[in-house]
Amino acid sequence: MTETPSYTLFIGDQSFSSWSLRGWLMLEKFGLPFQTRMVGLYDGTMAEDLAGLAPARLVPVLRLPDGVVIGETIAIAETLAERHPEAGFWPADPAARALARWMVAEMHAGFGALRATCPMQLLHQYEGFAVPDAVRADLARIETLWTLARERHGAQAGAGRPWLFGAYSHADAFFAPVAARIAGYDLPVGALARDYVATTLADPAFQAWRGAGLEKTYDPVPYALDLPTRPWPEGLAP
Ligand SMILES: N[C@@H](CCC(=O)N[C@@H](CS)C(=O)NCC(=O)O)C(=O)O
């Protein structure tokens, strides 16, 4: 029997590794054959676990069926789109595709205040998180981009296509950890963003990723804040 050639994705802990989530969603949402390998992001074995994947030093890392190794999610995204042009990783419409690429690039390079102040955690929702101005500014920019994508392109796709550009695309994989941060820290956003966060949280692939993360417990919990918590939300309160 011949085995289906499979991708191998090296990831960090599901509850905390936002970049790993992006890489995993790209493969999972588009139905590509792959296996995952855990890297000891918090267990002190990261360098050793990545030793055979030079020059990779962060997760995720993708190994192609032919053995080629790729780091950086944006490079992984483009490589997958090039290898599977029929899969629809990017929107088909050129204007939508250009905006999707822009948003993915801006996500990959930006939103430093949100990323530094609110590390992704999928355990619970913090109550009473004091939102710094710089994080509010990042959220405002994110809402501008999400609104543009939805109103210009996503909404045209019709019912049952709630993603940024209608059908699921790389843009949604890149913004999933942003939606998770908005949920995890109960960050203030408007109605369109709340709906989009709810769409992400309800996605079976996202839920499977989160469920896998919950199988591991932590003491101490990485990035824990001294704040009360509520259970992880299904969506965001209006
Ligand atoms: N720009 C990289 C970022 C990857 C990244 O920072 N990954 C984190 C985990 S979410 C990591 O490997 N951290 C380990 C470290 O900084 O030593 C990408 O797009 O993949």
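For the structure, check the block above.
Just so you know, the residues in each chain are numbered from 1, in the order the chain's sequence is written. Local features are withheld for residues below a pLDDT of 70 in this predicted model, meaning they are given only at 70 or higher, and side-chain atom pairs are given and counted only at 80 or more; totals for whole chains, interfaces and linings count all residues. Only hydrogens and water are removed before side-chain values are computed, so all heavy atoms of the structure are retained for them.

**Observations regarding the pattern of salt bridges**
(1) Moving on: Take a side-chain nitrogen of Lys or Arg and a carboxyl oxygen of Asp or Glu: if they are within 4 Å of each other, that pair is a salt bridge. The tally for this structure, following the rule as stated, stands at 7 salt bridges.
(2) Moving on: Where Asp 13 meets Lys 216, a salt bridge forms, and the shortest distance between an N and an O atom there is 3.0 Å. You can see Asp 13 sitting in the loop between β1 (7-11) and α1 (18-29) and its partner Lys 216 sitting in the loop between α9 (204-214) and β6 (229-231), a full 203 residues away along the chain.
(3) Moving on: Relative accessibility thresholds used throughout: buried, under 20% of the residue-type maximum; exposed, over 50%; partly exposed, between the two (1.4 Å probe, protein chains only). For Lys 216, a relative accessible area of 32% corresponds to the partly exposed category. Numbering goes from the N terminus for both helices and strands, where a helix is a DSSP run of H or I of at least four residues and a strand is a run of E of at least two.

**What about the packing of aromatic side chains?**
(1) Moving on: Centres within 6.5 Å make a pair out of two Phe, Tyr or Trp rings, where for Trp the six-membered ring is used; the pair is then stacked when the planes are under 30 degrees apart, edge-to-face when over 60, and tilted otherwise. Per the counting criterion, the structure on display carries 17 aromatic pairs.
(2) Moving on: For the ring pair Tyr 126 and Tyr 185, a centre distance of 5.4 Å and an interplane angle of 40 degrees mean the geometry is tilted. Remark: Tyr 185 occurs in the loop between α7 (170-184) and α8 (191-202) and Tyr 126 occurs in strand β5 (residues 124-126); sequence separation between them is 59 residues. Of the two residues examined, Tyr 126 and Tyr 185, each falls in the buried class.
(3) Moving on: Clustering of aromatic rings is evident, with ring pairs tying together Phe 30, Phe 89, Phe 111, Trp 146, Trp 163, Tyr 168, Phe 175 and Tyr 196.
(4) Moving on: Above the plane of the ring of Trp 19 lies Arg 22, whose end atom (NZ or CZ) is 3.9 Å from the centre.
(5) Moving on: The aromatic ring of Tyr 168 is capped on one face by Lys 29, whose charged end is 4.8 Å from the ring centroid. A ring is scored as having a charge over it whenever the NZ atom of a lysine or the CZ atom of an arginine sits within 6 Å of its centre and within 35 degrees of its normal.

**Considering the side chain of Ser 17**
(1) Moving on: Positionally, Ser 17 belongs in the loop between β1 and α1.
(2) Moving on: Take Ser 17: its relative accessible area is 6%, and that puts it in the buried class.
(3) Moving on: Nitrogen and oxygen atoms within 3.5 Å of one another constitute a polar contact, given that in protein one can donate a hydrogen and the other can accept it, and given that sequence-neighbouring residues count only through two side-chain atoms. Side chain to side chain, Ser 17 and Ser 20 meet in a polar contact 2.5 Å long.
(4) Moving on: Only heavy atoms matter for contacts: two residues are in contact if any of them lie within 4.5 Å across the pair. The residues contacting Ser 17, other than those within four sequence positions of it, are Gly 12, Leu 41, Val 59, Met 120 and Trp 209.

**A word on the pairing of strand β2 (residues 34-38)**
In the case of a regular strand, side chains alternate between the two sheet surfaces.
(1) Moving on: Relative to β2, β1 runs parallel, the two sharing 5 bridges. Following the sheet pairing, Thr 8 is matched in β2 by Gln 35.
(2) Moving on: A crossover gets the label right-handed when its path from the first strand over the helix to the second runs clockwise, viewed with the strands pointing away from the viewer. Running through α1, the crossover from β1 to the neighbouring parallel element β2 is right-handed. A pair of strands counts as paired when DSSP detects no fewer than two bridges linking them.

**Some words on the layout of surface pockets**
(1) Moving on: The distinction between a cavity and a pocket rests on a 1 Å grid over the protein atoms alone: a 1.4 Å probe fits inside a cavity but cannot get out, while a pocket stays open yet meets protein on both sides within 12 Å along at least five of seven lines, and a residue with an atom within 4 Å of a point counts as lining. Grid points are joined across faces, edges and corners, and a volume is the space filled by probe spheres set on the points. Here the largest pocket is characterised by a volume of approximately 440 Å³.
(2) Moving on: Grouping the constituent residues of the lining of the largest pocket by class yields 13 nonpolar, 5 polar and 4 charged.
(3) Moving on: Domain delimitation in this document rests on an assignment produced automatically or drawn from a domain database. Here the lining of the largest pocket gathers at least three residues from each of two domains, domain 1 (7-83) and domain 2 (94-231).
(4) Moving on: Of the volumes computed, that of the second largest pocket is approximately 240 Å³.
(5) Moving on: Lining the second largest pocket are 15 residues, and of these Pro 85, Gly 88, Phe 89, Trp 90 and Pro 91 sit closest to its centre.
(6) Moving on: Counting residues per element, the lining of the second largest pocket draws most heavily on helix α3 (residues 73-83), at 3 residues.
(7) Moving on: Amino acids are sorted into nonpolar (Ala, Val, Leu, Ile, Met, Phe, Trp, Tyr, Cys and Pro), charged (Asp, Glu, Lys and Arg) and polar (every other residue, Gly among them). Looking at the lining of the second largest pocket residue by residue, the classes come out as 9 nonpolar, 3 polar and 3 charged.
(8) Moving on: Mapped onto the domain boundaries, the lining of the second largest pocket takes at least three residues apiece from domain 1 (7-83) and domain 2 (94-231).

**Quick word on the side chain of Thr 200**
(1) Moving on: With respect to the helices and strands, the residue Thr 200 is situated in helix α8.
(2) Moving on: On the basis of relative accessible area, Thr 200 is assigned to the buried category, the value being 3%.
(3) Moving on: When neighbours within four sequence positions are excluded, Thr 200 is seen to be in contact with Trp 163, Ala 176, Ala 179 and Phe 206.

**Regarding the site of the ligand**
(1) Moving on: Inspection of the region around the ligand gives Ser 17, Ser 18, Trp 19, Leu 41, Met 46, Leu 58, Val 59, Pro 60, Glu 72, Thr 73 and His 108 as its neighbouring residues.
(2) Moving on: Contact between the ligand and Val 59: a nitrogen atom at 2.8 Å from a main-chain N or O atom of the residue.
(3) Moving on: Using a 1.4 Å probe, accessible areas were evaluated by the Shrake-Rupley method; residue-level cover was limited to the displayed protein chains. Its free accessible area being 510 Å², the ligand has 70% of it covered by the protein chains.
(4) Moving on: Broken down by class, the residue content of the shell around the ligand amounts to 6 nonpolar, 4 polar and 1 charged. What makes a residue near a molecule or strand is one non-hydrogen atom of that residue sitting within 4 Å of it.

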